[in-house]
Amino acid sequence: MTVGGLAPVLDPTGLEAAFADLWVGVTRAGGAVGFPPDAPEGEIRDLAGATLAEVRAGRLHMLALRDGAALVGTAFLQPGAGPVVAHRATVLRLMIHPDRQRQGLGGRLLAAAVGRARELGFGQLLLSARGGTGLPGFYTGQGWTEVGRFPRALRLGADDVRDEHWFQLEIGPGPRNRRESVGPAR
Ligand SMILES: CC(C)(COP(=O)(O)OP(=O)(O)OC[C@H]1O[C@@H](n2cnc3c(N)ncnc32)[C@H](O)[C@@H]1OP(=O)(O)O)[C@@H](O)C(=O)NCCC(=O)NCCS
């Protein structure tokens with residue numbers, strides 16, 4: 001796959017079906033991207049459409065990994081909403097097509113998301129990962145720091161409750177961090 005296949009998507013128009021197909025496929029294969037594996041397909045497709053609408057509205061930043069015309073992976077950056085969290089972003093929906101996982105592509109996509117976040121001026125990244133999976137190990141392996149976990153915070157089903165692991169990555173001051181010092185609160 002060429003490096004040119006990994007790039008920010010400023011306008012996701014035309015990617016709706018491919019992105020929904022990717023998200024459904026990743027979910028069915030047991031991926032931890034917001035749904036249990038047996039979630040109704042329509043719910044996944046609806047959220048895929050709403051996610052791309054957020055990109056179009058400028059509230060989410062998207063990266064896509066493509067192989068020719070095929071969409072192989074995605075990642076999103078959600079800026080902190082509000083002045084005291086404007087310096088940070090949350091990485092969401094990092095996913096690689098099930099047929100292409102464990103080939104180094106997820107690591108490359110995550111590194112590209114970090115690079116994009118730096119370009120956009122963020123100084124800190126956050127993300128959460130589903131417990132009971134290899135994901136915490138994946139993020140630690142990518143240099144992220146696990147800063148805590150919410151016990152039993154994710155309900156995949158009546159009998160399947162998981163911890164949510166929170167990760168953080170400092171990526172430098174970034175322009176959005178350069179706020180004038182306001183001194184101690186009075
Ligand atoms: C998580 C995901 C993005 C990782 O991408 P990937 O291309 O499969 O991972 P890579 O090949 O880049 O893996 C890099 C390293 O992490 C390890 N790793 C990746 N996924 C892992 C997992 N689920 N469990 C344990 N280790 C994992 C790999 O073994 C590799 O280590 P190595 O280089 O020492 O062998 C991908 O597996 C995926 O899309 N999963 C489904 C969606 C999902 O759960 N996303 C996470 C949202 S928080």
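For clarity, every value in this text was computed on a predicted model and none was experimentally measured.

What counts and what doesn't
- Residues numbered from 1 in each chain as written.
- Predicted model: local features only at pLDDT ≥ 70, side-chain atom pairs only at ≥ 80, totals over all residues.
- Heavy atoms only, no water.
- Core = buried A, V, L, I, M, F, W, Y, C linked by side-chain atoms within 4.5 Å.
- Buried < 20%, exposed > 50% of the residue type's maximum accessible area, 1.4 Å probe, protein only.
- Helix = DSSP H or I, 4+ residues; strand = E, 2+ residues; numbered from the N terminus.
- Contact = heavy atoms within 4.5 Å.
- Expected span 1.5 Å × (residues − 1).
- Pairing = 2+ DSSP bridges.
- Axes fitted to C-alpha atoms, helices over the stretch in contact; angles between N-to-C directions.
- Parallel < 35°, antiparallel > 145°, perpendicular 65-115°, else oblique.
- Left-handed = near helix turned anticlockwise from the far one by under 90°.
- Nonpolar A, V, L, I, M, F, W, Y, C, P; charged D, E, K, R; others polar.
- Near = heavy atom within 4 Å.
- Polar contact = N/O pair within 3.5 Å; in protein donor to acceptor, adjacent residues only side chain to side chain.
- Areas by Shrake-Rupley, 256 points an atom, 1.4 Å probe, with all protein chains shown as cover.

**Description of the nonpolar core**
Now for step 1: Counting 26 residues, the largest nonpolar core has Leu109, Leu125, Tyr139 and Trp144 as the members making the most contacts within it.
Now for step 2: Elements represented by at least two residues in this core include exactly strand E2 (61-67), strand E3 (70-79), strand E4 (88-96), helix H3 (105-120), strand E5 (124-130) and strand E7 (160-170).
Now for step 3: Looking at this core element by element, the count peaks at seven residues for H3.
Now for step 4: Other than its neighbours up to four places away in sequence, leucine 109 contacts Leu6, Leu63, Leu65, Gly73, Thr74, Ala75, Leu94, Met95 and Ile96.
Now for step 5: Membership of the second largest hydrophobic core comes to 21 residues, among which are Val9, Met62, Ala64 and Leu71.

**Here's the deal with H3**
Now for step 1: For H3, with 16 residues, the first-to-last C-alpha span of 22 Å sits near the 22 Å given by 1.5 Å per residue.
Now for step 2: Count one or two residues on from H3 and you reach glycine 121, which has phi positive near 95°.

**Some details on the pairing of strand E6 (residues 145-157)**
Now for step 1: As paired elements, E6 and E7 share eight bridges and run antiparallel to each other. Residue pairing in the sheet places glycine 157 in a bridge with aspartate 160 of E7.
Now for step 2: Connecting E6 to the next strand, E7, in antiparallel fashion are two residues.

**What about the packing of helix H1 (residues 16-28) against helix H2 (residues 41-56)?**
Now for step 1: For the pair H1 and H2, interaxial distance at closest approach is 9 Å and the crossing angle is 130°. As the angle between them shows, H1 and H2 are arranged oblique. The way H1 lies across H2 gives a crossing that is right-handed. Judged by residue contacts, Glu16, Ala17, Phe19, Ala20, Asp21, Trp23, Val24, Thr27 and Arg28 of H1 engage Glu41, Ile44, Arg45, Leu47, Ala48, Thr51, Leu52 and Arg56 from H2.
Now for step 2: By residue class, the composition of the contact of H1 with H2 is nine nonpolar, two polar and six charged.

**What to know about the site of the ligand**
Now for step 1: In the vicinity of the ligand, 20 residues are found, and the nearest of them are Ile96, Arg102, Gly104, Gly106 and Gly107.
Now for step 2: Contact between the ligand and glutamine 103: an oxygen atom at 3.2 Å from a main-chain N or O atom of the residue.
Now for step 3: One of the backbone nitrogen or oxygen atoms of glycine 107 is found 2.8 Å away from an oxygen atom of the ligand.
Now for step 4: Burial of the ligand by the protein amounts to 70% of the accessible area it has alone, namely 900 Å².
Now for step 5: Where the shell around the ligand is concerned, the elements lending two or more residues are E4, H3 and helix H4 (135-141).

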